[in-house]
Amino acid sequence: DTTVKQNPRYKLARVGKPVNLICSQTMNHDTMYWYQKKPNQAPKLLLFYYDKILNREADTFEKFQSSRPNNSFCSLYIGSAGLEYSAMYLCASSRTANTEVFFGKGTRLTVV
Amino acid sequence: LAKTTQPPSMEAYEGQEVNVSCSHTNIATSEYIYWYRQVPHQGPQFIIQGYKDYVVNEVASLFISADRKLSTLSLPWVSLRDAAVYYCIVTGDSNYQLIWGSGTKLIIKP
């Protein structure tokens, strides 16, 4: 199974409320990523795990948190959603650096 | 960090061969070139990767110039299902971050 699974596919959240997105893969990949994609923009890397080590981008450091309790599972957590968080959130994984990255179908988050 | 430049859009008819170009003038010797495509409501899908010269797989061909500053993705016999945004990507210095270009929207006409 070479798929990355994301749940839910669509999520509606209220401003100021927390949001938790879930991703899983069974390919035993070392690295898992979270990207944010807005219409007509390229995907933006938010953070990635290499094994248990979390790496967060400097400009999104305080906005997003993540958890990876085991190799297969990774979550993305927004403590207090704002309207600007409305976007498609893509989870991805890869075996290691310089290898093919597999993407999930994404979770479309709408904040109202 | 290398940046990539692609044409914003292209049009082609079904059955044609399509060549999508990408410029990566500051590519480092340690960096690879990847191509992904994304259709609406789906995550990006890997197409092909290369370092130099010429790479081919069952989906596409990738030509990389001798100085590695330009690459061209070649799609033979495109169909309506090939309509997507095609992204040219180079690996970042950390080797984990994909540095995305602006993408080329490929429009297929029947």
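To be clear, the structure that these remarks concern was listed above.
About the criteria used
- Residues numbered from 1 in each chain as written.
- Chains lettered and ligands numbered in written order.
- Predicted model: local features only at pLDDT ≥ 70, side-chain atom pairs only at ≥ 80, totals over all residues.
- Heavy atoms only, no water.
- Disulfide = S-S within 2.5 Å.
- Helix = DSSP H or I, 4+ residues; strand = E, 2+ residues; numbered from the N terminus.
- Buried < 20%, exposed > 50% of the residue type's maximum accessible area, 1.4 Å probe, protein only.
- Pairing = 2+ DSSP bridges.
- Axes fitted to C-alpha atoms, helices over the stretch in contact; angles between N-to-C directions.
- Contact = heavy atoms within 4.5 Å.

Could you give an account of the state of the cysteines, naming the residues involved and the relevant values?
Evaluation of the coordinates by the stated rule reveals two disulfides over all chains. The disulfide partner of Cys 23 of chain A is Cys 91 of chain A, and the gap between their sulfur atoms is 1.9 Å. Residues Cys 23 of chain A and Cys 91 of chain A share a disulfide whose torsion about the S-S bond is about -75°; that sign makes it left-handed. On the criterion of sequence distance, the pair formed by Cys 23 of chain A in strand E3 (residues 19-25) and Cys 91 of chain A in strand E9 (residues 87-94) is long-range, its members being 68 residues apart. Relative accessible area serves as the criterion here: at 0%, Cys 91 of chain A is assigned to the buried category. The disulfide that involves Cys 22 of chain B links it to Cys 88 of chain B, with 2.1 Å between the sulfurs. Because the sign of the S-S torsion sets the handedness, a value of about -80° for the bond joining Cys 22 of chain B and Cys 88 of chain B places this disulfide among the left-handed ones. Pair noted here: Cys 22 of chain B is in strand E2 (residues 18-23) and Cys 88 of chain B is in strand E8 (residues 84-91), with a separation of 66 residues, a long-range link. Per residue, the accessibility class of Cys 22 of chain B equals that of Cys 88 of chain B, and both read buried.

Outline the sheet that holds strand E7 (residues 70-75) of chain B, supporting the account with residue identities and numerical values.
Where strands meet in a sheet, backbone hydrogen bonds hold them as pairs that are either parallel or antiparallel. Residue and element names in this part refer to chain B. Taken in spatial order, the four strands line up as E2-E7-E6-E5 in an open sheet, and their pairing is antiparallel. In the strand order of this sheet, the two ends are held by E2 and strand E5 (54-56), each with one partner. With direction set aside, neighbouring strand axes in the sheet form an average angle of 15°. Taken together, the six bridges between E2 and E7 define a ladder with antiparallel strand orientation.

Can you explain the environment of Trp 77 of chain B? Please cite residues and give values.
Residue and element names in this part refer to chain B. Take Trp 77: it is sitting in the loop between E7 and E8. Looking at Trp 77, the relative accessible area reads 68%, which means it is exposed. The spatial distance from the C-alpha of Trp 77 to the C-alpha of Val 18 is 7.8 Å, given a sequence separation of 59 residues. In this view, Trp 77 contacts Gly 15, Gln 16, Glu 17 and Asp 82; residues no more than four positions away in its chain are not counted.

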